[in-house]
Amino acid sequence: MTKPVIVHFGDGHYQCVIYGLGLYIADYEEQVLLACIVRFWCPRCMSHRDNLDAASLCWCRDHTEVLIEEIDYSALWLEYGIVSDLVVSPMCNIHELIMPDILHQLINGTFKDHLVTWVSKYLRLEHSEKEAERIQDDIDRRIAAVASFAGLQHFPEGRGFKQWTGNDLKALMKVYLPAIRGHVPMDVVHAFRAFLEFCYLVWHNIITESTLVQIQEALDQFHQYREIFKTMGVIPTFSLPRQHSCSHYILLIRLFGAPNGLCSSITETKLIKAVKEPWRHSSCYKALGQMLLTNQHLDKLAAVQVDFKSCGMLNGTCLSATLEKLKRKRARTLPGLSTELTIPHLSILLRQFLFEQLHPNDQHSASEVPLTAFFNSACSTFYAPSDCSGIGRMWQEHIRACPVWRNEAPWYDCVFVNTDADTEGMGGMDVARVMCFSPSHLKDNPYPYTGMWIVTPSFDTDDSLSVGIIHIDSIYCATHLIPIYGPQNISRNLKHYNLYNVFQAFYVNKFADHHAFEIAS
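Described in the following lines is the structure provided in the data block. These figures come from a predicted structure and were not determined experimentally. (Residues numbered from 1 in each chain as written. Predicted model: local features only at pLDDT ≥ 70, side-chain atom pairs only at ≥ 80, totals over all residues. Heavy atoms only, no water.)

### Digging into the overall build of the protein
Alright, step 1. Across its full length, the protein holds 18 helices and 12 strands.
Alright, step 2. A burial count over the protein gives 43% of its 521 residues as buried.
Alright, step 3. Expressed as a percentage of contacts within the protein between residues at least 6 apart in sequence, the contacts between residues at least 24 apart total 60%.
Alright, step 4. Approximately 28,400 Å² of the protein is accessible, and the part contributed by carbon and sulfur atoms is 56%. (Helix = DSSP H or I, 4+ residues; strand = E, 2+ residues; numbered from the N terminus. Buried < 20%, exposed > 50% of the residue type's maximum accessible area, 1.4 Å probe, protein only. Contact = heavy atoms within 4.5 Å. Areas by Shrake-Rupley, 256 points an atom, 1.4 Å probe, with all protein chains shown as cover.)

As structure tokens, then:
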């Protein structure tokens, strides 16, 4: 495949083409067609469809050809899962070129089609139809009540979607685990935790031998704790091709390197932009020409926008100045801020902090230190290679502390605060809320079932909320907290922006993004 071939293209032109074979990422149905096997068999290994997780050899083209020559059609179909009247490409062993697909195998397959569906089936088996619906509604309210966080999708109606997208599922994975705790057995919670850790580990941009050990441990735990679904009669077998594909990830990573998030969601996104949206904008009658014209117009508009911006035009919008004024409702003086935050001694704290920063070795009074201005947000930039980052794999996020956000409700973010630079991970950090930088008590170890650290607000000796002022350089990045709901149902009137004021204990959501997973694991 090094000699060019002249090919007639659809635009009427002839081009010289050199064909090549590369790794193939596709959904299971396409893998079945490509590997010429029967549905419900594995396209990579020879395990029987009734026991896919049993140890077996990988498919080999020479072995397949011998089986086709020696065994009749029906035995090949039933015992080996081979479709003998379809010819596999003789140029290569196609089974070795099939790559993992994180979107369809893990997110859409194992998480949505299996685990989330199994939880619904379990609730209907263990409870009456009415009680199961009540529990499902409470799970939805818990998901809807999750506090806002940069890059995290909000679910105002819970998990009720008519049409699931890959982005919806990725967002639901980040908040689903704490929402079901208290309504399902702890083995189910542990199975979800092990599977989520497996997903986030295989998503790393760099995978070492120690990471592979962690991936195998997470997979073994998932296989151990998922048995609860079979014990309760939710599912009769775990011979599910998409779920079975998890067992091949370590080998594929060794062969081809870290996936680093590479999956079919990239092409799915392009399909939505180039095909689905233009189709919706067409008359649906002889739509191809209309769709092509729509894409041409969009390309020209994008080019014009780049040209206008290079000339200093299109900076902001007609409403940007008005929106900026609406957002700036923060008190502009220290007495006003003290009243807004209900911290009477705020001026003393601020003077003491500024004095310690300017004169760390001076023991004099801090009463003469001048005060400063206040802002609604700060910008944090850090290295986050496993997330969808920018140039140099740097990620930028805004940490907000706004009394009124978008003219609706307060928005006070939580952050990781460096307290011990010599200790790695959560052991060297505190969690604070940026409305008044209130430190939190951190438990010694993560909660064993969810694998998340637990934080609680800290109080002074007079039982008032502990308040302090810290240097902005000690803030590492924003973090996301999810309440520990417990077995009780939450109120229908609870809003996501009041969450931190209602509950007294929270999980540090290490599944909020991949950077948080690396910090809080």
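### Describing the nonpolar core
Alright, step 1. The biggest cluster of nonpolar side chains holds 90 residues, and the ones touching the most others in it are L106, Y176, F192, F198, I215 and F229.
Alright, step 2. When residues of this core are assigned to their parent elements, the largest contribution, 12 residues, is made by helix 7 (residues 186-202).
Alright, step 3. In this structure, I215 is in contact with F198, L201, V202, I207, I250 and I253, ignoring residues within four places of it in sequence.
Alright, step 4. Y28, I37, V38 and W41 belong to the second largest nonpolar core, which has 7 residues in total. (Core = buried A, V, L, I, M, F, W, Y, C linked by side-chain atoms within 4.5 Å.)

### Focus: empty space enclosed by the protein
Left-over empty space is what a probe sized like a water molecule reveals as it rolls over the atoms.
Alright, step 1. Throughout the structure, instances matching the rule amount to 1 cavity of 30 Å³ or more.
Alright, step 2. A volume near 120 Å³ is recorded for the largest cavity.
Alright, step 3. Counting residues per element, the lining of the largest cavity draws most heavily on helix 10 (residues 241-244), at 3 residues.
Alright, step 4. Here the residues of the lining of the largest cavity sort into 9 nonpolar, 5 polar and 2 charged. (1 Å grid on protein atoms, 1.4 Å probe; cavity = no way out; pocket = protein on both sides within 12 Å on 5 of 7 lines; lining within 4 Å. Points joined across faces, edges and corners; volume = space filled by probe spheres on them. Nonpolar A, V, L, I, M, F, W, Y, C, P; charged D, E, K, R; others polar.)

### Remarks on the pattern of salt bridges
Alright, step 1. Applying the stated criterion across every chain yields a total of 14 salt bridges.
Alright, step 2. Taking the shortest distance from any N to any O, the salt bridge between E133 and R124 comes out at 2.7 Å.
Alright, step 3. Take E133: its relative accessible area is 34%, and that puts it in the partly exposed class.
Alright, step 4. Between D138 and R142 there is a salt bridge, and its shortest N-O distance comes to 3.1 Å. Remark: R142 and D138 occur in helix 5 (residues 129-144); sequence separation between them is 4 residues, near one turn of the helix. Pair check on accessibility: D138 and R142 agree, each one buried. (Salt bridge = Lys/Arg side-chain N within 4 Å of Asp/Glu carboxyl O.)

### Quick look at unusual backbone geometry
Alright, step 1. Of note, C284 is a non-glycine position whose phi angle comes to about 70 degrees, a positive value.
Alright, step 2. Along the chain, the position of C284 falls in the loop between helix 12 (265-281) and helix 13 (287-310).
Alright, step 3. One non-glycine residue with positive phi stands out, namely K286, at about 50 degrees.
Alright, step 4. Along the chain, K286 turns up in the loop between helix 12 and helix 13.
Alright, step 5. On the accessibility criterion, K286 (66% relative accessible area) is exposed.

In short, the description is geometric, and any link to function would need to be established separately.
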